[in-house]
Amino acid sequence: MPYRPPGPARARPTRTRLLLTALLLFTAALGLGPLGTQSATAASNLVKNPGLEVLDGPSRFPQCFEKSGWGDNDFSFTVTDDAHSGSRAVRIELTRRAAGDRKTMMLENSCAPQVTPGRQYDLSFWYRSSTPDVAFTLFRHDTTQGWVYWTDLRTLPQSAGWTRTEVRTPVIPPNTDQITWGGALYGVGTLTTDDYAMTDATVPAAPDPCTTGGTGPECRGRWSVQSANSPVRAIHSVLLHTGKVLLIAGSGNDRGAFAAGTFRTSLFDPATGTYTDIPTPEDFFCAGHVQLPDGRVLVVGGNKDYAAPDGSVGYKGLRTSYVFDPAQNRYTKVNDMLAGHWYPSATAMGNGDVIALGGLGEDSAGTVVNEHFSYAGNKWLPMGEARQAWSFWGLYPSMILLQDGRLFYTGSHVFGGGLPGTGASVYDYGTGTISEVPGLRKKDERDQSMSVLLPPAQDQKVLTMGGGNHTVSPDAHRLTDLIDMKAAAPQYLPGPDLPQGHYANGSPQTGTQGKVYVSAVILPDGTVLETGGALHTYREDPVFEASLYDPATNTFQAGLATDPVPRTYHSSSTLLPDGRVLSIGDNPGDGSFDQRVSIYEPPYLFKGARPQITSLASTRWTYGTSQRVTVDKPVVKASLIRPAAVTHSSDPNQRYVDLPMTVDGNTVDLSLTSNPNLAPPGWYMLSVVDANGVPSVAKWVRVGSEGQVAAARVQSFADELRPSATQGSAHEHHQGVRMAEGFDGCDHAYGRIDQCVPWTFPKMPRAERCAWLLGKGYGRLKVHGRDRHHLDRDKDGIACGKGDVRRS
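Our subject in this report is the structure included herewith. Bear in mind that the values here come from a model prediction, so they are computed numbers and not experimental data.

Within the chain one finds six helices and 52 strands. The burial tally for the chain puts 58% of its 808 residues in the buried class. Partitioning the contacts of the chain with sequence separation of at least 6, the portion at a separation of at least 24 is 63%. Working note: accessible area of the chain is about 30600 Å², and carbon and sulfur atoms make up 51% of it.

A contiguous patch of negative charge, built from D475, E540, D541 and D590, is present on the exposed surface. Looking at the element boundaries, D541 is found in the loop between β35 (528-531) and β36 (546-550).

Note on placement: H141 falls in strand β6 (residues 134-142). There is a polar contact of 2.7 Å between the side chain of H141 and the side chain of D177. Here H141 is in contact with G146, W147, N175, T176, D177 and Q178, once residues within four sequence places are set aside.

Now for the environment of H790. Tracing the sequence through the fold places H790 in the loop between β51 (781-782) and β52 (798-799). Take H790: its relative accessible area is 36%, and that puts it in the partly exposed class. Among residues more than four places away in sequence, those in contact with H790 are Y750 and R766. Within the local environment of H790, its side chain forms a polar contact with the side chain of R766, the two groups lying 3.0 Å apart.

On to the sheet that holds strand β21 (residues 330-334), then. The sheet built from four strands is open, its strands ordered β16-β17-β20-β21 with antiparallel pairing. Looking along the sheet, the strands with just one partner apiece sit at the ends: β16 (288-291) and β21. The average angle at which neighbouring strand axes cross in this sheet is 25°, direction not considered. Here four bridges tie β16 to strand β17 (residues 297-300), and the two strands are oriented antiparallel to one another. Residue Q291 lies in a different strand from β17, and its bridge partner there is V297.

Below, the discussion takes up the pairing of strand β47 (residues 661-664). Pairing of β47 with strand β48 (residues 667-671) involves four bridges; the strand directions are antiparallel. What sits directly across from D664, in β48, is T667. Between the end of β47 and the start of β48, which pair antiparallel, lie two residues, with G665 showing a positive phi angle near 65°.

Under the definition given, this model contains 25 salt bridges. Salt-bridge contacts for R441 lead to D481; the nearest nitrogen and oxygen are separated by 2.9 Å. Of the two residues, R441 is situated in the loop between β29 (433-436) and β30 (450-453) and D481 in strand β32 (residues 480-484); the sequence distance between them amounts to 40 residues. When its relative accessible area of 28% is taken as the criterion, R441 is described as partly exposed. The shortest N-O distance in the salt bridge between D444 and K443 comes to 3.2 Å. Taking the relative accessible area as the measure of exposure, K443 reaches 18% and is therefore buried.

Another point: the sheet that holds β30. Taking strand neighbours across the sheet as the criterion, the four strands line up as β30-β31-β32-β33 in an open arrangement whose pairing is antiparallel. Looking at which strands have only one partner, the edges of the open sheet turn out to be β30 and β33 (493-494).

This model, assessed by the stated rule, comprises three disulfides. Linked covalently through their sulfurs, C64 and C111 form a disulfide whose S-S length is 2.0 Å. Its S-S torsion of about -60° marks the bond between C64 and C111 as left-handed, since a negative value means left-handed. In this pair, C64 sits in the loop between α1 (15-29) and β1 (65-70) while C111 sits in the loop between β4 (101-106) and β5 (121-129), placing the two residues 47 residues apart along the sequence. For C210, the disulfide goes to C219, at an S-S distance of 2.1 Å. Disulfide C210 to C219: torsion about the S-S bond roughly -95°, handedness left-handed. The partly exposed category is assigned to C210, whose relative accessible area is 22%.

In this section: the nonpolar core. In this structure, L463, L523, L529 and L575 are the most contacted members of the largest nonpolar core, which totals 44 residues. Apart from the residues lying within four places of it in its own chain, the contact partners of L575 are L239, V521, I522, L523, P524, R580, V581, Y604, I641 and M685. Counting 39 residues, the second largest nonpolar core, distinct from the first, contains L381, L401, Y427 and V516.

Most peptide bonds adopt trans geometry, and most residues besides glycine take a negative phi value. Between P455 and the following residue, P456, the backbone shows a cis peptide bond with an omega angle of -10°. With respect to the helices and strands, P456 occurs in the loop between β30 and β31 (461-465). Of note in the backbone geometry, K795 takes a positive phi value of approximately 60° without being a glycine. In this structure, K795 sits in the loop between β51 and β52. Note on K795: relative accessible area 65%, which makes it exposed. With phi around 60°, C800 is a residue other than glycine that occupies positive phi space.

With that settled, consider the packing of aromatic side chains. Taken as a whole, this structure holds 32 aromatic pairs when the rule is applied. Relative to W181, the ring of F125 has its centre 6.5 Å away and its plane inclined at 20°; by these criteria the two rings are stacked. Placement of the pair is F125 in strand β5 and W181 in strand β9 (residues 176-185), with a sequence separation of 56 residues. For F125, a relative accessible area of 0% gives the class buried. Using a relative accessible area of 0% as the deciding quantity, one classes W181 as buried. Look at Y343 and F415: their rings are 5.4 Å apart centre to centre, the planes differ by 35°, and that puts the pair in the tilted class. On the criterion of sequence distance, the pair formed by Y343 in the loop between β21 and β22 (345-348) and F415 in the loop between β27 (407-409) and β28 (425-428) is long-range, its members being 72 residues apart. Given a relative accessible area of 1%, Y343 falls into the buried group. Here a set of aromatic residues connected by ring pairs shows up, and it is made of F258, F263, F285, Y306, Y315, W342, Y343, Y396, F415, Y517 and Y569. R102 extends its terminal NZ or CZ atom over the ring of F75, reaching a point 4.0 Å from the ring centre.

It is worth spelling out the environment of D336 at this point. By the secondary structure assignment, D336 is in the loop between β21 and β22. Exposure remark for D336: the relative accessible area of 33% places this residue in the partly exposed category. Between the alpha carbons of D336 and Y322 there is a distance of 9.0 Å; along the sequence they are 14 residues apart. Each residue touching D336, except ones within four places of it in the same chain, is listed here: R319, T320 and W380. Separated by 2.9 Å, the side chains of D336 and K333 make a polar contact.

Rules used in this analysis
- Numbers given to residues run from 1 along each chain, matching the order in which its sequence is written.
- In keeping with the predicted nature of the model, local features appear solely for residues at pLDDT of at least 70, side-chain atom pairs appear and are counted solely at 80 or more, and the whole-chain, interface and lining totals rest on all residues.
- Calculation of side-chain values draws on the structure's entire complement of heavy atoms; hydrogens and water are dropped beforehand.
- The helix and strand labels rest on DSSP assignments: H or I over at least four residues marks a helix, E over at least two residues marks a strand, and numbering proceeds from the N terminus.
- A simple rule labels every residue: compare its accessible area, found with a 1.4 Å probe on the protein chains alone, to the largest value its type can have, and call it buried under 20%, exposed over 50%, or partly exposed in between.
- Throughout, a residue-residue contact means that at least one pair of heavy atoms, one from each residue, lies within 4.5 Å.
- In these tables, accessible area is a Shrake-Rupley quantity obtained with a 1.4 Å probe, and a residue counts as shielded only by the protein chains included in the view.
- Like charges within 9 Å and nonpolar side chains (Val, Leu, Ile, Met, Phe, Trp, Tyr) within 5 Å are joined into patches, using only residues over 30% in relative accessible area that form no salt bridge.
- One speaks of a salt bridge when a side-chain nitrogen belonging to Lys or Arg is within 4 Å of a carboxyl oxygen belonging to Asp or Glu.
- Two residue types count as positive, namely Lys and Arg, and two as negative, namely Asp and Glu; His and chain ends fall outside the count.
- Working definition for charges: the position is that of NZ of Lys, CZ of Arg, CG of Asp or CD of Glu.
- Polar contact criterion, stated in full: a pair of N or O atoms within 3.5 Å, where within protein one must be able to donate a hydrogen and the other to accept it, and residues adjacent in sequence count only if both atoms are side-chain atoms.
- Strand pairing is assigned whenever DSSP identifies at least 2 bridges connecting the two strands.
- Angular values range over 0 to 180 degrees, each being the angle between N-to-C directions of two axes fitted as lines to C-alpha atoms, with helices fitted over their stretch in contact.
- Whenever a pair of cysteine sulfur atoms sits within 2.5 Å, that pair is classed as a disulfide.
- The term nonpolar core refers to a set of buried residues drawn from Ala, Val, Leu, Ile, Met, Phe, Trp, Tyr and Cys, joined through side-chain atoms within 4.5 Å.
- When two rings of Phe, Tyr or Trp (its six-membered ring) have centres within 6.5 Å they constitute a pair, described as stacked for plane angles under 30 degrees, edge-to-face for angles over 60, and tilted for the intermediate range.
- Lysine and arginine charges are scored as sitting over a ring when NZ or CZ, respectively, is within 6 Å of the ring centre and within 35 degrees of the ring normal.

Structure (structure tokens):
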């Protein structure tokens, strides 16, 4: 039960209690009472000197509190008698602010309240403010890292009179022994605070049978294969705010379908198990996709042409773009992009716009052109308005929006050997600067690894797991790497290895064997399900394994039930609003496609009755506001999860946003971040979770109404990384870049960038290869790298020249 001030309905205090309280207040006012001898009625309050009544002798500031803050601003702290109770409060005033904030916080020493990992705490104070630029901010003491910023729990509304604010912390992370917190003023105005309180809100959970050898579905979960197959080759899965899943195939990696102009999309309804055919105007095979703020789906590019078996043409990207509207179940064309894109990423920005990067252009070259979709204008911006860095980001580069508005390239991609340098970087789209981030292991073996912004998004931690190398095709590895993007100098650090599974014949994985084609799905209890995959990037040797990653402990729970259907190339997994996970797709190297559909029920669905959200005050949420819900039983946390738009182990927009809670019985007020970069505008799944880790069925809410985007408050850790100037000019780079060998079935060591010399020739003697190429109209080819096909036999730098043909 949260702390409440005494009211007229309370029982009258006894004479003894009144005398005791008066004596304690008198001694505290004189500064004579030591902090350890406060009233027994405050024993549950973990804050020392909560009423700010006891002053430190030298500083004359309240004991156990400090004047805190950072940045470029003019400020003052005043101990005032304009108090909520007692005779003292603290007023902060900002008269000028260019950056930063000022706040009254508990001292970062023995004064800071002690906490226990795994528990949650209710924090409150009384305040008056002349400005809405006030955040309830929280720091924690890590036993290995020291004091670190944790999160902003809520934004406080302006209040001329005394107002009480209360929030519930997220679950205390491991290695945390103390916290400190308070109100942060980050705009011109005043903030006065008083009467701080902190109580342990944790409800003990029932003993977990899974820790004593349990193997039931409450420990491992349960998979089921649906009776009806998908009617399409589902290359892409997009969850709509209607609860249905858009399954996009395009030509479905089927050259015959492409030649016939047969392009497919199906709309799957998990509630009924039924499918609806959606007319598909172009080949969206290997397009990009992302949800727009109003719930429509932006489809970016796709396949203009396949790489022919005889090497006469390589894969090419479409310039066209469409929007799918769930209200009408149809695609509508928007204006063309600046360039073609096959395998592009698409990242939603804090203002509702979309930045698309990477992939192959109309000439089969790697696209270096950035695309910027204006949500307000419902169009792609022209050259000159779409900002360019003229840098190639690879195919399906995982580009995650950070809390300061920059993009983090995690190193996860498709095909090739990754990018030059460290393999990961931060891209400031606004300035065009790119800053490398160190530490990613085996950066050239991250083909169809998966990266995920871990729950909660406020922590700004990213985990990258698994991967391989399409060109060399070694065994996929089981490495995971973890990075904290709030750190002063972010770098990847080794995480726990992926758990190992078994192969189709039952033999176990051994040694360093891991998997590529990894699927990772954020769940409403704050864990991440990883599932599916294969040992090799040439779509063989599926691995049957699934586990749960817990960001709070940085550990995997191995031994979950496994999907009975192989899930390798062109597979995807998607969280459904009821907490289940949909898995679909498998495209082996022989060209077949497994169209069976699997549904996973995580262990939390077998741990008792589910809490319910019985009412919502509103489904339209504005940044920095408190939103009221009612529930049917006690809950300990709440979150928003952005619906999936996943393909090729890539969903850079997947995120879980924590909602700090104010709890009054079954009425819960949820605090939405004021930073749209943490929760880009759009539809989200709202879930609450009880003390046993059981989530509710999600309710849909729309964050950021039309035209409403709040100004972000950014902590000091968001200062620029050291940028490196983008190499070269627009003139030098806008024609595209040469691709890594074998990424598209072409060997680009020969000829022009738009020519496709086959990576693998038909069976014939080496001496006949030049004649075969000449017969296809290739002519002389300049050799740019290693002559792996022995086409330049006279070593003059020209393949299939006169000397080479004569000597053949």
